[in-house]
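Given next are the chains, with one letter for each unit.
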Amino acid sequence: MTLALEGIKILDISRVGIAGFSTMILGDLGAEVIKIETPRKEAGPYLGSSVSPLGEEGRAEAAYQAINRNKKSIALNLHSEQGRQIFYQLAEKTDVIIEGFRPGVVKRMGVDYETIKKMNPRVVYCSISGYGQDGPYRDMPGHDPNYIAIGGALGLIGQPDGPPILPLNYVGDWAGGSLHATIGILVALMARERTGRGQFVDVSMTDGVIALTGLLFARDYFRTGAVPKRGEIPLFSQPFIGVYETRDGEFITLGCMEPHFWKNLCHALGREDFIPYQYTEGGKRDEIFSYFREVFLTKTKDEWFNLLRQKEICIAPVYELNEVFSDPQVLHRQMVVEVDDPAVGKIKQVGIALKFSETPGEIRSTAPILGEHTQEILQNLGYSEQVIDGLYKSGVVG
């Protein structure tokens, strides 16, 4: 079966997982992804969150490094002239290049978009950075907490009387960065089909956070000037949506926003008198909150879930990570899969989220160790074994 992105070639010169998650998605859908990695003796003490493990002893670790599945690894010193020339040979025949350095770094390395497009005008070149390629914060260092702070998301997360609470890095890194990059790359490839030209895709994680936050809050703010307060956003400060503790010390979530779901919940809890007060303030809201907190302590998490999900009520259990992969819906949707690894045997990995009727994704290989495909890639470029040996000895490749 043909994969959706079969024939698309991608060079990933990133070091952290943000770009790596994007290329994992594209690789799962059929793209050929080559990771351009730093030879280990050239790397600094921080190697990055998606750098391939080193040596044969690293194969067991690589098997579980899902972010690098469906990829090949070449260890190439881009600070050397010979290393850059090898990169240029690869870039001439590639469709996409993705990088995640601070602005200006790839230009100093000589592998920036302006350089590459002269030899390959069809290339789609995606740069992911914290604040984007221009503006007063362009050169500032940062990580996910900084981007969600400036993007307005962090200030909204937490209780009204408490400080902002850091979520996992899904908002800034993965949604603001990785997913926006994936969308940008695919759109640029579609545009190339019409124009014949590639282009530069500038992804700012902060911009991505603002886009995500703005959909929820910008309408009222721009219209009335009202500033949403932490823990007091109207939709999320009502009893019908939230987290409640259960008898076993676990938790469930409610999301009964539509009136008919709210009515179903009130009927199920034997409190039809609450129905007129779905969107209420003051003492009545406090009364409903208090009742819900008490009543949900009378049964376990599983008991409430099994009871209420049969009554057209928006409810879900709050899972620990080990519980997620035992859930029948998760198993049915193949979000945990068994993969054959040549070194370790059968292992489990997270499945492919995007489902296609005609061109489904596929995990074709587990992650490589550092430089596992260096020789293969150089041979495909036409290098002889003698020349390749010299490149290894000189530290150009690893």
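Here is a short report on the structure shown in this document. Predicted model only: the values in this text are computed from it and were never measured.

A few points about the pattern of salt bridges
Link 1 in the chain: All chains considered together, the criterion is met by 17 salt bridges.
Link 2 in the chain: The residue E376 makes a salt bridge to K72 at a minimum N-O spacing of 2.6 Å. Taken together, the positions of E376 in helix α14 (residues 374-380) and K72 in strand β3 (residues 71-75) put the pair 304 residues apart, joining distant regions of the chain.
Link 3 in the chain: Owing to a relative accessible area of 32%, E376 belongs among the partly exposed residues under this scheme.
Link 4 in the chain: Residue classification places K72 among the partly exposed residues on the basis of a relative accessible area of 26%.
Link 5 in the chain: A salt bridge links E303 to R247, with the shortest nitrogen-to-oxygen separation between them at 3.8 Å. Here the residue E303 occupies a position in helix α11 (residues 301-308), and R247 occupies one in the loop between β7 (241-245) and β8 (251-255), the gap between them amounting to 56 residues.
Link 6 in the chain: For E303, a relative accessible area of 37% translates into the label partly exposed.
Link 7 in the chain: The network of salt bridges with shared partners includes R271, D273, K284 and E287.

A short note on the sheet that holds strand β2 (residues 32-37)
Link 1 in the chain: Across the sheet, 6 strands lie side by side as β3-β2-β1-β4-β5-β6; this open sheet has parallel pairing. Because the sheet does not close on itself, it has two edges, and the strands there are β3 and β6 (200-204). Direction aside, neighbouring strands of the sheet carry axes that sit 20° apart on average.
Link 2 in the chain: Bridge count between strand β5 (residues 124-129) and β6: 5 bridges; the pairing is parallel. Looking across to β6, one finds that Y125 is bridged to F200.
Link 3 in the chain: Set on the sheet, helix α3 (residues 81-92) makes contact with β1 (9-12), β2 and β4 (96-99); between it and β1 the angle comes to about 150°.
Link 4 in the chain: Along the sheet, helix α8 (residues 205-224) makes contact with β5 and β6, crossing β6 at roughly 70°.

A closer look at the nonpolar core
Nonpolar side chains in soluble globular proteins generally cluster together in the buried interior.
Link 1 in the chain: Judged by nonpolar contacts, the single largest core of 29 residues is most densely connected at I13, I36, L76, F87 and I97.
Link 2 in the chain: Only β2, α3, α4 (105-109), α5 (113-119), α14 and α15 (385-394) provide two or more residues apiece to this core.
Link 3 in the chain: Among the elements that take part in this core, α3 stands out by supplying 5 residues, more than any other.
Link 4 in the chain: Among the nonpolar cores identified, the runner-up in size contains 25 residues, and I18, I185, L189 and V201 belong to it.

A few points about the side chain of D12
Link 1 in the chain: As for its position among the elements, D12 is in strand β1.
Link 2 in the chain: The side chain of D12 sits in the buried core without any salt bridge; K71 is the nearest counter-charge, 4.2 Å away.
Link 3 in the chain: Side chain to side chain, D12 and S14 meet in a polar contact 2.5 Å long.
Link 4 in the chain: The residues touching D12, leaving out its near neighbours within four places in the chain, are A19, G20, T23, V33, I34, K35, I36, K71 and I98.

Details of the sheet that holds β7
Link 1 in the chain: Strands sit in the order β7-β8-β9 across an open sheet of 3 strands; the sheet is antiparallel. Lying at the two open borders of the sheet, with one neighbouring strand each, are β7 and β9 (315-317). In this sheet, neighbouring strand axes are inclined to one another by 20° on average, regardless of whether the strands run parallel or antiparallel.
Link 2 in the chain: Relative to β9, β8 runs antiparallel, the two being bridged by 3 bridges.

A word on the packing of aromatic side chains
Link 1 in the chain: By the definition in use, this model includes 17 aromatic pairs.
Link 2 in the chain: Seen in terms of ring centroids, Y221 and F222 are 5.5 Å apart; in terms of plane orientation they differ by 45°. Their pairing is tilted.
Link 3 in the chain: Between the aromatic rings of Y291 and F292, the centroid separation amounts to 6.5 Å while the plane-to-plane angle is 55°, which identifies the pairing as tilted.
Link 4 in the chain: The exposure class of Y291 is partly exposed, given its relative accessible area of 22%.
Link 5 in the chain: Overall, F292 belongs to the buried group, its relative accessible area being 0%.
Link 6 in the chain: An aromatic cluster of three or more residues is present, and its members are F240, Y244, W262, F274, Y279, Y291, F292, F296 and W304.
Link 7 in the chain: Taking the ring centre of W304 as reference, the NZ or CZ of K299 above it sits at 5.7 Å.

Describing the pairing of β1
Link 1 in the chain: Sheet analysis places β1 next to β2, joined by 4 bridges and oriented parallel. Bridge assignment links D12 to a residue of β2, and that residue is K35.
Link 2 in the chain: Handedness of the β1-helix α1 (residues 17-28)-β2 crossover: right-handed.
Link 3 in the chain: In terms of strand pairing, β1 meets β4 through 3 bridges, oriented parallel. Each bridged residue has a counterpart across the sheet, and for I10 the counterpart in β4 is V96.

Some points on the environment of S22
Link 1 in the chain: Note that S22 resides in helix α1.
Link 2 in the chain: When neighbours within four sequence positions are excluded, S22 is seen to be in contact with I98, S178, A181, T182 and I185.

Let's talk about a nonpolar patch on the surface
Link 1 in the chain: A cluster of nonpolar residues, Y137, M140 and I150, forms a patch on the protein surface that exposes about 260 Å² of accessible area.
Link 2 in the chain: The class for M140 is partly exposed, based on a relative accessible area of 34%.

Rules used throughout
Within every chain, residues take consecutive numbers counted from 1 along the sequence as written. Where totals are concerned, whole chains, interfaces and linings use all residues; where local detail is concerned, this predicted model gives features only for residues with pLDDT of at least 70, and gives and counts side-chain atom pairs only at 80 or more. Hydrogens are left out, water is left out, and the side-chain values use all remaining heavy atoms of the structure. Salt bridges are counted wherever a side-chain nitrogen of Lys or Arg sits within 4 Å of a carboxyl oxygen of Asp or Glu. A helix here means a DSSP run of H or I that spans at least four residues, while a strand means a run of E at least two residues long, and both kinds are numbered starting from the N terminus. Burial classes: relative accessible area under 20% of the type maximum marks a residue as buried, over 50% as exposed, and values in between as partly exposed (1.4 Å probe, protein chains only). At least two DSSP bridges between two strands are needed for those strands to be called paired. Between the N-to-C directions of two axes lies an angle of 0 to 180 degrees, each axis being a line fitted to C-alpha atoms and, for a helix, fitted only over the stretch in contact. Only heavy atoms enter the contact rule, under which two residues are in contact if any of them lie within 4.5 Å. Here the nonpolar core consists of buried residues drawn from Ala, Val, Leu, Ile, Met, Phe, Trp, Tyr and Cys, with membership extended through side-chain atoms lying within 4.5 Å. Positive: Lys, Arg. Negative: Asp, Glu. His and the chain ends are not part of the count. Counted as a polar contact is a pair of N or O atoms within 3.5 Å, where, for protein atoms, one must be capable of donating a hydrogen and the other of accepting one, and residues adjacent in sequence contribute only when both atoms are in side chains. In this analysis, rings of Phe, Tyr and Trp, with Trp reduced to its six-membered ring, are considered paired at centre separations within 6.5 Å, and the interplanar angle assigns stacked below 30 degrees, edge-to-face beyond 60, and tilted for intermediate values. Should the NZ of a Lys or the CZ of an Arg lie within 6 Å of a ring centre and within 35 degrees of the ring normal, that charge is described as sitting over the ring. Consider the strands pointing away from the viewer: the crossover is right-handed when the path from the first strand over the helix to the second runs clockwise. Exposure above 30% relative accessible area and the lack of any salt bridge qualify a residue for a patch; like charges then connect within 9 Å, and the nonpolar side chains Val, Leu, Ile, Met, Phe, Trp and Tyr within 5 Å. In this description, accessible areas are obtained by the Shrake-Rupley approach with a 1.4 Å probe, and a residue is regarded as covered only by the protein chains that are shown.

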